[in-house]
Amino acid sequence: MLNDFHDTSVAFAYKTDADLKKSYWLFKLLSSPALVRMGGKLAPLSIKAGLGSFIKKTIYRQFVGGETVEDCIPVLEMLYRYRIGSILDYSVEGKESEDDFERCLNESLKNIEFASGREEIPFCVFKVTGLAPLSLLEKVSAGKALNSTESAQWSKVKSRVKALCKKAYECKVPLLIDAEESWIQQAIDDLAIEYMIEFNKETAIIYNTYQLYRHDRLEFFKKQNETCKQHGAKLGAKLVRGAYMEKERKRAEELGYPSPIQPDKASTDRDYNLALEYGVQDPNVFLVAGTHNEESTLLLCRLMEQNAIPNDDKRFWFSQLFGMSDHISFNLAKNGYNVVKYLPYGPVKDVLPYLIRRAQENTSVKGQTGRELELIIKELKRRKK
Ligand SMILES: Cc1cc2nc3c(=O)[nH]c(=O)nc-3n(C[C@H](O)[C@H](O)[C@H](O)COP(=O)(O)OP(=O)(O)OC[C@H]3O[C@@H](n4cnc5c(N)ncnc54)[C@H](O)[C@@H]3O)c2cc1C
């Protein structure tokens, strides 16, 4: 069994010395919270000021596969040489018009067709906010009555989501539904359970995402599994800790309702690991562990071994984001586990919100950057020797 992820020669085998040095400088810059804060504010302006190509050569290159699916092909093929699959993630965010939603739907349908029969793309993914207005998702989530225009809009949203799920089923490509902010999540969860029940009868095709930084999600995850079972369906579950903690806490405080987030990191970790344990023990659950946390990843390896589950059992996938935690992805893949990386793509200006989130996530002292930098330095030193 895998005991740690410290073999940097495996982790960075695909990077040339020059690539590694570029990553070193990028993570070095990201380690400055002040710089990241300023960058986050200035990024949209910098595109207007013609600095798009600078962003493209630096942070974009680290975290994004390219502008189009075709651009991503060399990256995707490189990852697959190491037994790592890719999830093409059309990361264009913040769009609100019906035309944008239709464009996003068509792009996602095209991606599912493209993934069909290709082992190097074992999953597809989408965000419901790419297909629906935020205000509508919020209203549906709050259980408020919709007027006739909104009802018509909601029918359209449902038919878009259903079209994707149906295409995934026909093409036999498992489809992940990302989790988002708590105030729109109920609508997403309702859509997810409806289509899991419809399309997951033989195996898991539709996967909902459970954010264990919410204090109610462990129970909710189990409840959705019970509902699936009652309908003779498998539960597809992507387990994550959750990406919107600060925003969630701030909104709860401003609007004066109890925060949906766990009181501390230890509680999030506890529920995440309990969710893994629950998922391993119930054969009805198909898991994607979306995490860069070494302990949780090793825990899942250990649980699989204790339950005599082969490393490459297709019920279990480990998933990290492109440009992050290669030491986890590449060492897992080398040991025969199923690994898949989110490979975002889109024009520079449209993937900015995604890049800003990655920069912020990588900046805190407790966050990723310290670890990424440490590993890159270790590998650079090893190569020098
Ligand atoms: C493949 C993949 C897919 C993902 N998909 C989604 C998605 O659909 N939706 C989504 O929201 N996120 C998603 N994420 C992001 C994810 O939720 C986390 O933000 C990110 O992975 C960091 O968590 P971690 O488990 O990797 O590791 P860690 O670094 O161990 O955990 C950091 C996380 O712990 C939680 N946390 C930190 N401090 C506290 C605290 N004081 N109190 C309570 N909790 C705390 C937060 O969630 C924080 O992000 C995805 C991540 C991956 C790798």
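Caption draft 1: Representation of the overall build of the chain. Within the chain, the secondary structure is distributed over 16 helices and 8 strands. In terms of overall size, the chain behaves like a compact globule, its C-alpha atoms giving a radius of gyration of 20 Å where 385 residues would be expected to give roughly 21 Å. The dimensions of the chain, computed from C-alpha atoms along their principal axes, are 65 × 55 × 45 Å. Of all 385 residues assigned to the chain, the portion counted as buried reaches 56%. Look at the contacts in the chain between residues 6 or more apart in sequence, and 77% of them connect residues 24 or more apart. When the accessible surface of the chain is split by element, carbon and sulfur atoms take 54% of a total near 17,500 Å². Between the averaged position of the 57 positive side-chain charges in the chain and that of its 53 negative side-chain charges there is a distance of 4 Å.

Caption draft 2: Quick peek at helix α12 (residues 265-281). In this model, α12 (17 residues) spans 25 Å end to end at C-alpha, consistent with the 24 Å of a helix rising 1.5 Å per residue. Looking at α12, one finds that the buried residues are Ser 267, Thr 268, Asp 269, Asp 271, Tyr 272, Asn 273, Ala 275, Leu 276, Tyr 278, Gly 279 and Val 280. Looking at the buried positions of α12, the neighbouring elements they touch are α10 (217-230), β5 (235-240), β6 (285-290), α13 (294-306) and β7 (316-321).

Caption draft 3: Spotlight on the sheet that holds strand β3 (residues 175-177). An order of β1-β8-β7-β6-β5-β4-β3-β2 is seen for the 8 strands of this open sheet, with the pairing classed as parallel. Across the chains shown, the open sheet's two edge strands, defined by having one partner strand only, are β1 (84-90) and β2 (124-126). Averaged over neighbouring strand pairs, the angle between their axes works out to 30° when direction is ignored.

Caption draft 4: Fine view of the pairing of strand β8 (residues 339-345). Taken across its 7 residues, β8 has 7 buried, putting it largely inside the fold. Here β8 shows two buried faces, one formed by Val 339, Lys 341, Leu 343 and Tyr 345 and the other by Val 340, Tyr 342 and Pro 344. The pairing of β1 with β8 spans 7 bridges and is classified as parallel. Across the sheet, Ser 86 pairs through a bridge with Lys 341, a residue of β8. Examined bridge by bridge, β7 and β8 share 4 bridges and lie parallel to one another. Bridge pairing in β8 links Ser 319 to Val 340. At this point the chain moves from β7, through helix α14 (residues 326-334), to the parallel β8, and the crossover so formed is right-handed.

Analysis parameters
Residues numbered from 1 in each chain as written. Predicted model: local features only at pLDDT ≥ 70, side-chain atom pairs only at ≥ 80, totals over all residues. Heavy atoms only, no water. Helix = DSSP H or I, 4+ residues; strand = E, 2+ residues; numbered from the N terminus. Rg over C-alpha atoms; globule rule 2.2 N^0.38 Å. Buried < 20%, exposed > 50% of the residue type's maximum accessible area, 1.4 Å probe, protein only. Contact = heavy atoms within 4.5 Å. Areas by Shrake-Rupley, 256 points an atom, 1.4 Å probe, with all protein chains shown as cover. Lys, Arg positive; Asp, Glu negative; His and termini not counted. Charge placed at Lys NZ, Arg CZ, Asp CG, Glu CD. Expected span 1.5 Å × (residues − 1). Pairing = 2+ DSSP bridges. Axes fitted to C-alpha atoms, helices over the stretch in contact; angles between N-to-C directions. Right-handed = clockwise from strand over helix to strand, strands pointing away.

Spatial relationships are all this shows, so hold off on functional conclusions.
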